[in-house]
Amino acid sequence: DFLANQIAAGEVVERPASVVKELVENAIDAESTQIIVELIEAGIQQIKVTDNGKGIIAEDLPMAFMAHATSKIYESTDLFNINSLGFRGEALASIGSVSKVRVESMTEDDDSRHFIEIEGSKIIEEGLTQAKIGTTVEVNSLFYNTPARLKHLKTIKTELSHSLKFIQNIALAYPDIRFKLTHNGQEIFASHGNGNLQQVIASVYQPALARDLIPIQSESDDFSINGFISKPTLTRTSKQYIHWIINGRSVKSYMLDEVLIKAYGRQLMIGRYPIAIIRIQLDPRLVDVNVHPTKQTVRLSKEDELSELITQAVHQTLDVVNP
Ligand code: ADP
Ligand code: MG
């Protein structure tokens, strides 16, 4: 119901970037290879996410906005074996309770594209529109009915930077997907979607920086890691350039940051940090993403094994450059 959805929205939908995150993750779960995010006024006025994924069948369209409507968990045991990004089934319901939403979708099996419009959790219009497989979700007037939350938003510039950062991080996690982000009609980020991580790094930072990074790769019984790290001479003054991607999820980890920094050891000057984009693959049962609804923090089993693997891999990689 509406109230429960608004309460859930308090946890999941904090700002435009939270909406962008939920919609883009849904698009990825739907196996899209192309995702376009269009923001007007940093998304406060409008967030539009268009994908070419498998779509939602017409009769499920109203259902998608019901709390705990998820097509992604079939049994309770699945909670411990999560491969998709979404699984709580509350994002669309939450978003629908604090904005005016329009969703259009069409699957391979449909012969037309359906749309539905929701305002404050209520369906206000449904119909047909021009055929095209995939889904478009348009979120208008975010927080129009929760003025307190609207008031807490920061400047356009700050809100936009949150969405940009999210899109860049997810593009790094999914080099096979082509991402595009526009603001007020102007392109501000794009990735190629050709599977090349180094090219995504070039889009996020500069091509020259991407070229200077060194590949890192290693595996142990439970983990496999790969990505790029910087030479000890190519450093930054903040940890912002350290990215961890665990099973396709971009996460923050103070613990892993420290392991990485320690692995560089004395090669790193005081107050300087390496650049690193490291993907970690592991059995989903060894990672608990259920710590927080936004799933940005994770808890790992076998942290020691992973720390050891990262340390060894960094040493080996740096030895090659600087024997
Ligand atoms: P969750 O992602 O946790 O399952 P959501 O509230 O985000 O829950 O979405 C509800 C459901 O709507 C999803 O499980 C999925 O079936 C469907 N859905 C949402 N967005 C898309 C999309 N872009 N493409 C296909 N299906 C979608
Ligand atoms: Mg979702």
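What counts, and at which threshold
- Residues numbered from 1 in each chain as written.
- Chains lettered and ligands numbered in written order.
- Predicted model: local features only at pLDDT ≥ 70, side-chain atom pairs only at ≥ 80, totals over all residues.
- Heavy atoms only, no water.
- Helix = DSSP H or I, 4+ residues; strand = E, 2+ residues; numbered from the N terminus.
- Expected span 1.5 Å × (residues − 1).
- Buried < 20%, exposed > 50% of the residue type's maximum accessible area, 1.4 Å probe, protein only.
- Core = buried A, V, L, I, M, F, W, Y, C linked by side-chain atoms within 4.5 Å.
- Contact = heavy atoms within 4.5 Å.
- Axes fitted to C-alpha atoms, helices over the stretch in contact; angles between N-to-C directions.
- Parallel < 35°, antiparallel > 145°, perpendicular 65-115°, else oblique.
- Left-handed = near helix turned anticlockwise from the far one by under 90°.
- Nonpolar A, V, L, I, M, F, W, Y, C, P; charged D, E, K, R; others polar.
- Pairing = 2+ DSSP bridges.

**Here's the deal with helix 2 (residues 16-29)**
Along an α-helix, residues three or four apart share an orientation, since each turn contains 3.6 residues. If you check helix 2, its first and last C-alpha atoms are 20 Å apart, about what 14 residues at 1.5 Å a residue would give, namely 20 Å. Helix 2 sits mainly inside the fold: 13 of its 14 residues count as buried.

**A few points about the nonpolar core**
Of all hydrophobic cores here, the largest spans 55 residues; its most connected members are Val 24, Phe 179 and Ile 201. Excluding its chain neighbours within four sequence positions, the residues that come into contact with Val 24 are Ile 35, Val 37, Val 49, Phe 166, Ile 167, Ile 170 and Phe 179. Core analysis: the second largest hydrophobic core is formed by 29 residues, Ile 214, Ile 242, Ala 263 and Leu 300 among them.

**Quick word on the packing of helix 5 (residues 156-173) against helix 6 (residues 197-204)**
At a minimum axis separation of 9 Å, helix 5 and helix 6 run at an interaxial angle of 165°. The pairing of helix 5 with helix 6 is recorded here as roughly antiparallel in orientation. Between helix 5 and helix 6 the crossing geometry is left-handed. Residues Gln 168, Ala 171 and Leu 172 of helix 5 lie in contact with helix 6, whose contacting residues are Leu 197, Val 200, Ile 201 and Val 204. Its residues assigned to classes, the contact of helix 5 with helix 6 comprises six nonpolar, one polar and no charged.

**Structural notes on the sheet that holds strand 11 (residues 242-246)**
Pairing is mixed in the open sheet, where five strands are placed in the order 9-10-13-11-12. At either margin of the open sheet sits one strand with a lone partner, and together these are strand 9 (214-219) and strand 12 (249-251). Each neighbouring strand pair of the sheet contributes to a mean axis angle of 20°, computed without reference to strand direction. Looking at chain direction, strand 10 (residues 223-229) and strand 13 (residues 276-282) are connected through seven bridges and run antiparallel. Among the inter-strand pairings, Ile 229 is bridged to a residue of strand 13, identified as Ala 276. Of the strands in this sheet, strand 11, strand 12 and strand 13 are in contact with helix 5, which crosses strand 11 at around 55°. Sitting on the sheet, helix 6 is in contact with strand 10 and strand 13, with an inclination near 45° to strand 10.

Read these as layout, nothing more, since geometry by itself doesn't imply function.
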